[in-house]
Amino acid sequence: MIKFQNVSKSYGHTAILKNISFDINQGEFAVLIGPSGCGKTTTLKTINRLIEPDSGTIFIDGKDITKENPVELRRSIGYVIQQIGLFPNMTVEQNISIVPKLLKYPKEKCQEIVRDLLALVDMPYEENAHKYPTELSGGQQQRIGVLRALAASPPIILMDEPFGALDPITRESLQEEIKQIQKKLKKTIVFVTHDMDEAIRLADTIIFMDNGKIVQMASPEEMLQNPADSIVKSFLGKHMDNGDGAPKLFAEDFMKTKVFKVPKTSRTLECIKLMSSKDVNSLVILNDDDTYFGTVTIEDIKALGKPGKEIAELVTHDVITVGRKEDAQTAFDRLLSSKSNYIIVLNENQTVAGLITRTSMAKALGEALWGEVL
Amino acid sequence: MSGALLEGILEHMAIVSIAVLISSVLGIIMGIIAYWVRFLDSVILWVSEVLQTIPSLALLALLMIIFGLGDITMIVGLVLYALLPIVRNTYTGLKNVSPHLKDAARGMGMSKMQRLFKVEIPLSFPLIFSGIKIALVNSLSVAVMGVLIGANGLGTIIYCGIQSRNMMNILMGAIPVVIMALVFDFGMSKIEKKLIKRTK
Amino acid sequence: MSFTEFVSKNYNEILKSLVRHIELVGISILIGILISIPLGIFLTRHKRVAGPVLALAGTIQTIPGLVMLGFALVLIGIGMLPAIIVLTLYAILPILRNTYTGITEVDKSYTEASRGIGMTNMQTLFKVEIPIALPTIITGIRLSTVYIVSWATLAGLIGAGGLGDLIWTGLSTYNTKYILAGAVPSAILAFILNGLIGLLERILTPRGLRRSRI
């Protein structure tokens, strides 16, 4: 149904798509996945010509899409975006029926379509048709976003990380629903995500991209059994059946590098301002040569601080440190045994590399066990 | 001729400077009061807005009934006219200071006054400065009408030009006003940007 | 005689000036809207030109009213025409700027969605961008109107009539009653127009957007 033939696209000197070719069959649920910048969204947008490739051809149903009027093409393809984009000045009904109206369907037909679609997602017409998007929850809004894409019965629906902005529970629920809808209406869906879980759950075919190229294109089961590349493997993470033996992990694998550091000669007021503007409640304090000196919390400042004084006087040295190449288990133990919520990770030369908080530790472990956590 | 022009420029600047100075002090104080005293805020903002809605010539003429002809009337008029941007920006600036910061300052033991002068005003300063800039640039323009109520300034030269249908005179009076307005607007905008960077 | 006696005696003159004032304001705002809104829309589609154009309009704003009227007087003459030209020029900036920023500040997700589902440029503009930007545009019209009511008081100086005539007569003959007869109605006019257009702003805010309006 959709055929990519040697498609390439560059922005300036950066090549985003490098000569990619693939086929998507009718009625297939294809998921494009890969690390940031791999070209998955660009690929999606070439299908409805929001982005035009530099070379190569794209065929839909055997026809070269550049031979068609782009606006008409887009009206025949459904499009759902992450930010939802429901028009705030229109009601639910007006939003859903926008493409049919653009295609000049009669009023009664439009209303019928809206009724049927709302029934599909269990949102009765009488209650919902006249509401405005701001009156709906995020999940409901995105459902309407999907209905809007379905309204003119396009054979193909493009979805660009549509559930990315929703909470995990709503996301799961919508994933189920879209899977049902796709099966029921027999649509061809091209779906972009960075969440492997989502891909495995939804896809008939996963197209894994990296750096503008297709690394592997296979069904979820096949990809799990025979990942073509280490990057595919790392995305699959815990989904792998066989335990390869836990890889060697260092403290640096669990650390956050975004740490706010100030020299010890800073004054209390500066520190407060920095903490407030970055929304943190402690700072790392450095010596003149950038090596680690200590830490200070907003509580300490409130309790003991005097305006205009140097922060060095309030610094505590009770936070535990660990070297970045020390093994992760050591870091873990030290964090648990310390009374602060975090430990500092230091480079060889005692400058600050990052910190490991209880939250970042828990998150990393959760991901290792169950796949991506919020 | 250039003597009269120079005199006009100086008079104009003097009237505008005095008015903007008074207006800034008054405006900032009113902004602070609106910020501190909850129920007064809408009143104060409303009064400032009303003053700006009154047509300037009407305001000046009414003031003339009270204060008579001359520079004082003009200054009073300019002060009233310049209040809105300054009051509103002071109030908004103070309100927008992050609550965390105010908490920390309070926790450290600062009095209300200290908090105002050491934390809240410094952080709102770019916005206050912007209000003063708007007031200044507007005042330069409005002050030209001074001639109609017997005040000094470049309006005199301009009006003379109008009466005698003399384009040269009009331009001679007008160009300094426009240049001053553009220079101040540009200069103060640059300073404003620097101030914003510093408070980030 | 008291003020009320004065008013009833000179009722005709006052009314005539008021009507003329409204005419001057009305015509200038109308022409201003007809120029600024299309121009503003044009600038949103040609953003590179937007900066210089807005700067130019802004510069016109810094020219004092008396000066512009003076130019018009010398170049064109006395009467309503030069006054309307000047007032229209003043009316342009607030409406132009608000049209431009109103449309450009429409959240990009809406324009991306509208393009993606197959709306043409014009359809996106009229069905999505303008409805969402409408409150901002009306605010610009309101600001312009108050502004013009104020500058129109000077129009009397070049023979265009209006309430400024009464004020000026009052000023030059030290006649307080004339001043009041001109100043008070002009202030009231400014308030009423400000309020009415403000009301219009609220009515025209699409229901779906009302929650997010500050």
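Residues numbered from 1 in each chain as written. Chains lettered and ligands numbered in written order. Predicted model: local features only at pLDDT ≥ 70, side-chain atom pairs only at ≥ 80, totals over all residues.

**Student:** What is the right way to read the overall build of chain C from this model?
**Tutor:** If you tally the helices and strands in chain C, you get nine helices and zero strands. Of the regular secondary structure in chain C, the N- to C-terminal order runs α-α-α-α-α-α-α-α-α. Expressed along its principal axes, the backbone C-alpha trace of chain C runs to roughly 70 × 40 × 20 Å. Expressed as a percentage of the 214 residues in chain C, the buried residues total 49%. Partitioning the intrachain contacts of chain C with sequence separation of at least 6 by distance along the chain shows that 74% fall at a separation of at least 24. (Helix = DSSP H or I, 4+ residues; strand = E, 2+ residues; numbered from the N terminus. Buried ≥ 20, exposed ≤ 12 C-beta atoms within 10 Å, placed from the backbone. Contact = placed C-beta atoms within 7 Å.)

**Student:** How should the packing of helix α2 (residues 11-45) of chain C against helix α9 (residues 176-204) of chain C be read in this particular structure?
**Tutor:** Pairs of packed helices are described in terms of their axes, by the angle between the two and the distance that separates them. Residues and elements named next belong to chain C. Here α2 crosses α9 at 40°, and the two axes come no closer than 11 Å. It follows that α2 is oblique to α9 by the angle criterion. The handedness of the crossing between α2 and α9 comes out as right-handed. Across the interface between the two elements, I14, S17, L18 and H21 of α2 pack against A181, G182, P185, S186 and L189 of α9. (Axes fitted to C-alpha atoms, helices over the stretch in contact; angles between N-to-C directions. Parallel < 35°, antiparallel > 145°, perpendicular 65-115°, else oblique. Left-handed = near helix turned anticlockwise from the far one by under 90°.)

**Student:** What am I meant to see in the packing of α2(C) against helix α7 (residues 121-152) of chain C here?
**Tutor:** All names here are of chain C. At their nearest, the axes of α2 and α7 sit 10 Å apart, and the two run at 145° to each other. The element α2 and its partner α7 pack so that their crossing is right-handed. Across the interface between the two elements, H21, L24, V25, S28, I29, G32, I33, I37 and I41 from α2 touch L125, I137, I141, S144, T145, I148, V149 and A152 from α7.

**Student:** It is not clear to me how the confidence of the model for chain C should be interpreted in this structure. Could you clarify?
**Tutor:** In low-pLDDT regions, the fine details of the predicted coordinates are not to be read closely. For chain C, per-residue confidence averages 87 on the pLDDT scale, and 96% of positions sit at 70 or higher. Two summary scores accompany this predicted model of the complex, namely pTM at 0.72 and ipTM at 0.81. (pLDDT = per-residue confidence, 0-100.)

**Student:** Can you walk me through the pairing of strand β13 (residues 292-297) of chain A in this structure?
**Tutor:** Each regular strand displays side chains that alternate between the two surfaces of the sheet. Both strand β12 (residues 282-286) of chain A and β13(A) contribute to a ladder of five bridges, which runs antiparallel. Across the sheet, the residue bridging to A:L283 is A:V296, located in β13(A). (Pairing = 2+ DSSP bridges.)

**Student:** What should I look at first to understand the interface of chain B and chain C in this one?
**Tutor:** How big an interface is tends to be stated in terms of the accessible area lost upon association of its parts. Contacts between the two partners involve 29 residues from chain B, matched on the other side by 28 residues from chain C. Residue assignment for the side of chain B that touches chain C shows that the elements contributing at least two residues are α3 (56-67), α6 (112-142), α7 (155-163) and α8 (167-198) of chain B. For the side of chain B that touches chain C, the class distribution of residues is 23 nonpolar, five polar and one charged. (Nonpolar A, V, L, I, M, F, W, Y, C, P; charged D, E, K, R; others polar.)

**Student:** Looking at this model, I keep getting lost on the sheet that holds strand β15 (residues 342-346) of chain A. Mind explaining?
**Tutor:** Strand pairing in a sheet relies on backbone hydrogen bonds. The paired strands run either parallel or antiparallel. Residue and element names in this part refer to chain A. With respect to topology, three strands assemble into an open sheet ordered β14-β15-β16, the strand pairing being mixed. Here the strands that pair on one side only, and so sit at the sheet edges, are β14 (321-323) and β16 (352-357). Averaged over all adjacent pairs, the angle separating strand axes in this sheet is 30°, with direction ignored. In this sheet, β16 lies alongside β15 in antiparallel orientation, the contact comprising five bridges. Each bridged residue has a counterpart across the sheet, and for I343 the counterpart in β16 is I356.

**Student:** Explanation requested: the interface of chain A and chain B in the structure shown.
**Tutor:** Contact residues are listed per partner, giving nine residues for chain A and eight residues for chain B. Looking at the side of chain A that touches chain B, the elements with two or more residues in it are α12 (268-278) and α13 (298-304) of chain A. Residue contributions to the side of chain A that touches chain B peak at four residues, all from α12(A). Considered class by class, the residues forming the side of chain A that touches chain B number four nonpolar, three polar and two charged.

**Student:** Just to check I follow, could you spell out the sheet that holds strand β1 (residues 2-11) of chain A for this structure?
**Tutor:** Residue and element names in this part refer to chain A. Strand order in this open sheet of four strands is β2-β1-β4-β5, and the pairing throughout is antiparallel. Of all the strands in the sheet, just β2 (14-24) and β5 (63-64) have a single pairing partner and so form its edges. When β1 meets β2, the two strands line up antiparallel, connected through seven bridges. Following the sheet pairing, Y11 is matched in β2 by T14.

**Student:** Can you help me understand helix α5 (residues 107-120) of chain A in this one?
**Tutor:** Because an α-helix completes one turn every 3.6 residues, residues spaced three or four positions apart along the sequence face the same direction. Residues and elements named next belong to chain A. Taking 1.5 Å per residue as the helical rise, α5 with its 14 residues ought to reach 20 Å, and the 20 Å between its terminal C-alpha atoms agrees with that figure. Listed as buried for α5 are C110, I113, V114, L117 and L118. Angularly, the buried residues of α5 cover 125° about the axis, an arc narrow enough to put them on a single face. The outward face of α5, more than 90 degrees from its buried face, is lined by the exposed residues E108, K109 and A119. Contacts from the buried residues of α5 go to α3 (92-96), α4 (98-102), α6 (125-128) and α7 (138-150). Two residues or fewer past α5, D122 is found with a positive phi of approximately 60°. (Expected span 1.5 Å × (residues − 1). Arc of directions from axis to C-beta.)

**Student:** Quick question: what am I supposed to make of the environment of C:G51 here?
**Tutor:** Position of C:G51 relative to the elements: it lies in helix α3 (residues 47-62). For the pair C:G51 and C:F3, spaced 48 residues apart in sequence, the C-alpha to C-alpha distance is 51 Å.

**Student:** So what exactly am I meant to see when it comes to the pairing of strand β7 (residues 156-160) of chain A here?
**Tutor:** Residues and elements named next belong to chain A. In terms of residue burial, β7 counts as a mostly covered element, since five of its five residues are buried. Burial along β7 is two-sided: I156, L158 and D160 and I157 and M159, pointing in opposite directions, are all buried. The pairing of strand β6 (residues 77-81) with β7 spans five bridges and is parallel. Each bridged residue has a counterpart across the sheet, and for I77 the counterpart in β7 is I156.

**Student:** Mind showing me how you'd approach helix α5 (residues 80-104) of chain C here?
**Tutor:** All names here are of chain C. End to end, α5 covers 36 Å across 25 residues, agreeing with the expected 36 Å (1.5 Å per residue, within 8%). Remark: the principal bend of α5, roughly 30°, maps to I92, with a proline, P94, within the next four residues. By the criterion of burial, α5 is predominantly enclosed, with 19 of the 25 residues buried. (Bend = angle between axes of the 7 residues up to and from the residue.)

**Student:** Looking at this structure, I do not really get the confidence of the model for chain B. What am I missing?
**Tutor:** Averaged over chain B, the pLDDT score is 87; the fraction of residues at 70 or greater is 99%. At the level of individual helices and strands, chain B shows its lowest average pLDDT in helix α5 (residues 99-107) of chain B, which scores 80, and its highest in helix α4 (residues 71-95) of chain B, which scores 91.

**Student:** What am I meant to see in unusual backbone geometry here?
**Tutor:** Outside of glycine, negative phi angles account for most residues, and trans bonds account for most peptide bonds. All names here are of chain A. Positive phi, close to 60°, is recorded for N211, a residue that is not glycine. Inspection of the secondary structure puts N211 in the loop between β9 (205-210) and β10 (213-218). Residue N211 is classed as partly exposed on the basis of its 15 C-beta neighbours within 10 Å. Positive phi is not limited to glycine here, since Q350 has a value of about 70°. Examined against the element boundaries, Q350 turns out to sit in the loop between β15 and β16.

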